Amino acid sequence: NLIDLDYPADSLKFLVAIGKNALRLKLHKEALAAGFDAACIIHPNAYVSGFAEVGKGSVIFANAVVNINASISECAIINTAATVDHDCKIGEAVHLSPGVNLAGEVSVGKETWVGIGASVIQQINIAENVIVGAGAVVISDVPENTTVVGVPAKPI
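Residues numbered from 1 in each chain as written. Predicted model: local features only at pLDDT ≥ 70, side-chain atom pairs only at ≥ 80, totals over all residues. Heavy atoms only, no water.

K.L.:
Help me out: how do you make sense of the overall build of the protein in this one?
P.N.:
Looking only at helices and strands, one finds one helix and 21 strands in the protein. Dimensions of the protein along its principal axes, counting C-alpha atoms only, are 50 × 35 × 20 Å. Residues classed as buried in the protein amount to 40% of the 156 residues present. At a minimum sequence separation of 6, the contacts of the protein that also span at least 24 residues come to 14%. Roughly 7700 Å² of accessible area belongs to the protein as shown, and the carbon and sulfur atoms make up 56% of that amount. Here the protein holds 9 positive side-chain charges and 15 negative ones, and the gap between their average locations is 4 Å. (Helix = DSSP H or I, 4+ residues; strand = E, 2+ residues; numbered from the N terminus. Buried < 20%, exposed > 50% of the residue type's maximum accessible area, 1.4 Å probe, protein only. Contact = heavy atoms within 4.5 Å. Areas by Shrake-Rupley, 256 points an atom, 1.4 Å probe, with all protein chains shown as cover. Lys, Arg positive; Asp, Glu negative; His and termini not counted. Charge placed at Lys NZ, Arg CZ, Asp CG, Glu CD.)

Listed below in structure tokens is the structure:
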């Protein structure tokens, strides 16, 4: 229980390092409610545009790129060598796996997981709680609570 920690809340920053998106977000919000401040960790070999926004509790790994006007919400994981191009909107607790490539103006909803090496063409909307399989190529919008796989990506 975070409230029982014997440290003043204003002296610590936290980051929830759990891969399960919903659980990571739940614990993140509990820590915020307890008065703790969330860290944002950006690897020194990542590139984040000065015109991009990155929410607290998010992690951006080595060789990832977040371009101009991209918005990364709280508690997101932008993993190794993932690219988030211009004007993308990444929701809370999204996990972009290593090597994911999002073209411009892509929207990814809350608690969505995009598998390793997946690609998404420009102006696609991926809703909340979606799983995009490894290596998938997303060329059309994906509704919430859907799993898509393949080239082109199709629901399963």
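So that's the structure; there's more coming.
K.L.:
Quick question: what am I supposed to make of the nonpolar core here?
P.N.:
In summary, soluble globular proteins display a tendency toward joint burial of nonpolar side chains. Counting 31 residues, the largest nonpolar core has Ile78, Val84, Ile90, Leu96, Leu102, Ile126 and Val132 as the members making the most contacts within it. Among residues more than four places away in sequence, those in contact with leucine 96 are Ile77, Ile78, Asn79, Ala82, Val84, Ile90, Leu102 and Val114. One finds Phe14, Val16, Ala31 and Phe36 within the second-largest nonpolar core, a separate group that totals five residues. (Core = buried A, V, L, I, M, F, W, Y, C linked by side-chain atoms within 4.5 Å.)

K.L.:
Before we go on, may I ask you to explain the side chain of threonine 112 in this structure?
P.N.:
Along the chain, the position of threonine 112 falls in the loop between strand E14 (107-108) and strand E15 (113-114). Here the side chain of threonine 112 touches asparagine 129 through a polar contact of 3.3 Å, landing on its backbone nitrogen. With residues up to four places along the chain from it excluded, the contact list for threonine 112 reads Asn21, Ala93, Val94, His95, Ile126, Ala127, Glu128, Asn129 and Val130. (Polar contact = N/O pair within 3.5 Å; in protein donor to acceptor, adjacent residues only side chain to side chain.)

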